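Residue-level listing of the chains:
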Amino acid sequence: MHVTTDWNPILRGEFTKPYWAELQSFVVDERTRSTVYPPHDRVFAALHLTPYSSTRVMILGQDPYHGPDQAHGLCFSVQTGIRVPPSLANIHKELSTDLGTPIPDHGNLEAWARQGVLLLNATLTVRAGQAGSHQGKGWEVFTDEVITAVSTKHDHVVFILWGAYARRKKSLIDQSRHTIIESPHPSPLSAHNGFFGSRPFSRTNEALVAHGQPPIDWSL
């Protein structure tokens, strides 16, 4: 379960640490006992689709979706043809309100990833039907390293932090060089408390352009 692409030399040191062997052993054991999402070959999809050198925006999620065929390695995203989950439906609504784009008929966010939007969950696997079941097993140690690595980039990056969990990662980010856009989570439980109307997509593009970087085409 190693990462190819230009992330490898940056993260290689993690693969020799004791927690990594324990984490991989745990995930392998879980896969023998029950269904685990996403599939083995999609666990590192975010890092494969968005190279370190290309990362301009980072959206941080917490946990992969735990329903059948939903998780495919990108936070908040589901594969084309899978019903759009409620939080993602609210992201679509805010996107449409913010930029005037039509609400997409699918939930696949790979188009963002290919433009340099790193769609990273803090925990990269989950047991089917059991949200949070792989939290606290070591994934967060690894993904905190990813966040830290992005923060050390010389190029300006926009970090989009939705919800209390993501916002707690602010301490890992160099706020003197990067832009942080934060709001409540797009979940139906909290979206009306400040996610709707927060305009994260236009604000991200404004920050990118202000730093001489091309904007993201957020349309799906």
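As shown above, the structure is provided for reference.
Reading guide: rules and limits
- Residues numbered from 1 in each chain as written.
- Predicted model: local features only at pLDDT ≥ 70, side-chain atom pairs only at ≥ 80, totals over all residues.
- Heavy atoms only, no water.
- Helix = DSSP H or I, 4+ residues; strand = E, 2+ residues; numbered from the N terminus.
- Rg over C-alpha atoms; globule rule 2.2 N^0.38 Å.
- Areas by Shrake-Rupley, 256 points an atom, 1.4 Å probe, with all protein chains shown as cover.
- Axes fitted to C-alpha atoms, helices over the stretch in contact; angles between N-to-C directions.
- Parallel < 35°, antiparallel > 145°, perpendicular 65-115°, else oblique.
- Contact = heavy atoms within 4.5 Å.
- Nonpolar A, V, L, I, M, F, W, Y, C, P; charged D, E, K, R; others polar.
- Expected span 1.5 Å × (residues − 1).
- Buried < 20%, exposed > 50% of the residue type's maximum accessible area, 1.4 Å probe, protein only.
- Arc of directions from axis to C-beta.
- 1 Å grid on protein atoms, 1.4 Å probe; cavity = no way out; pocket = protein on both sides within 12 Å on 5 of 7 lines; lining within 4 Å.
- Points joined across faces, edges and corners; volume = space filled by probe spheres on them.
- Phe/Tyr/Trp six-rings, centres within 6.5 Å; stacked < 30°, edge-to-face > 60°.
- Lys NZ or Arg CZ within 6 Å of the ring centre and 35° of its normal.
- Polar contact = N/O pair within 3.5 Å; in protein donor to acceptor, adjacent residues only side chain to side chain.

S.K.: So what's going on with the overall build of the chain? Which residues, and what values?
M.R.: On a plain count of helices and strands, the chain comes out with 8 helices and 6 strands. In sequence order, the chain lays out its α and β elements as α-α-β-α-β-α-α-β-β-α-β-α-β-α. What you see for the chain is a C-alpha radius of gyration of 17 Å, in line with the 17 Å of a compact globule of 220 residues. For the chain, the accessible surface area stands at approximately 9700 Å², while carbon and sulfur atoms represent 52% of it.

S.K.: Describe the packing of helix 4 (residues 86–99) against helix 8 (residues 200–210), with residues and values.
M.R.: Here helix 4 crosses helix 8 at 60 degrees, and the two axes come no closer than 7 Å. In terms of orientation, helix 4 lies oblique with respect to helix 8. Between helix 4 and helix 8, the residues in contact are Ile 91, Glu 94, Leu 95, Asp 98 and Leu 99 and Pro 200, Phe 201 and Ser 202, respectively. Here the residues of the contact of helix 4 with helix 8 are counted per class, giving 5 nonpolar, 1 polar and 2 charged.

S.K.: Kindly report on helix 2 (residues 18–33), identifying the contributing residues and their values.
M.R.: Here helix 2 is 16 residues long and its end C-alpha atoms lie 23 Å apart, about the 22 Å a rise of 1.5 Å per residue gives. Within helix 2, burial applies to Tyr 19, Trp 20, Leu 23, Gln 24, Phe 26, Val 27 and Glu 30. Down the axis of helix 2, the sector holding all buried residues measures 155 degrees, keeping them to one side. Exposed side of helix 2, more than 90 degrees from the buried face: Pro 18, Glu 22, Val 28, Thr 32 and Arg 33 are the residues found there. Contact partners of the buried residues in helix 2: strand 1 (36–37), strand 4 (126–127) and helix 6 (139–151).

S.K.: Explain the layout of surface pockets to me, and be specific about the residues and the numbers.
M.R.: The computed volume of the largest pocket comes to approximately 660 Å³. The wall of the largest pocket is formed by 39 residues, among which Gln 62, Asp 63, Tyr 65, Phe 76 and His 185 lie closest to the centre. Within the residue set of the lining of the largest pocket, elements represented by two or more residues are strand 2 (57–61), helix 4, strand 3 (117–121) and helix 7 (163–167). Broken down by element, the residue count for the lining of the largest pocket peaks at 4 residues, all from helix 7. Of the residues in the lining of the largest pocket, the class split is 20 nonpolar, 17 polar and 2 charged.

S.K.: So, the packing of aromatic side chains: which residues are in play, and what are the values?
M.R.: As enumerated under the stated definition, the model contains 17 aromatic pairs in all. Relative to Phe 201, the ring of Trp 162 lies with its centre 6.3 Å away and its plane at 70 degrees, an arrangement referred to as edge-to-face. In this pair, Trp 162 sits in strand 5 (residues 158–162) while Phe 201 sits in helix 8, placing the two residues 39 residues apart along the sequence. Phe 201 gets classed as buried once you look at its relative accessible area, which sits at 0%. Joined through ring pairs, the aromatic side chains of Phe 76, Trp 112, Trp 162, Phe 195, Phe 196, Phe 201 and Trp 218 make up one cluster. Against the face of Tyr 52 rests Lys 153, its NZ or CZ located 4.9 Å from the ring centre.

S.K.: Account for the environment of Tyr 65, with residues named and values stated.
M.R.: Looking at the secondary structure, you find Tyr 65 in the loop between strand 2 and helix 4. Assessed through its relative accessible area of 17%, Tyr 65 is described here as buried. When residues no more than four places from it in sequence are discounted, the contact partners of Tyr 65 are Tyr 37, Gln 70, Ala 71, Phe 76, Ser 77, Val 78, Pro 85, Leu 88 and Val 126. Within the structure, Tyr 65 has its side chain in polar contact with the backbone oxygen of Phe 76 (distance 2.8 Å).

S.K.: Give me the environment of Thr 5: which residues, what numbers.
M.R.: Take Thr 5: it is sitting in the segment before helix 1 (8–11). As a C-alpha pair, Thr 5 and Arg 127 span 122 residues in sequence and 27 Å in three-dimensional space. Aside from chain neighbours lying at most four places away, what touches Thr 5 is Leu 47 and His 48.

S.K.: Tell me about the packing of helix 2 against helix 6, and name the residues and values.
M.R.: Two quantities define a packed helix pair, namely the angle between the axes and the distance from one axis to the other. One can describe the packing of helix 2 onto helix 6 by two numbers: an axis separation of 9 Å at closest approach and a directional angle of 125 degrees. Between helix 2 and helix 6, the crossing angle belongs to the class labelled oblique. Two secondary-structure elements touch here, helix 2 through Tyr 19, Trp 20, Leu 23, Gln 24 and Val 27 and helix 6 through Trp 139, Val 141 and Phe 142. Its residues placed into classes, the contact of helix 2 with helix 6 shows 7 nonpolar, 1 polar and no charged.

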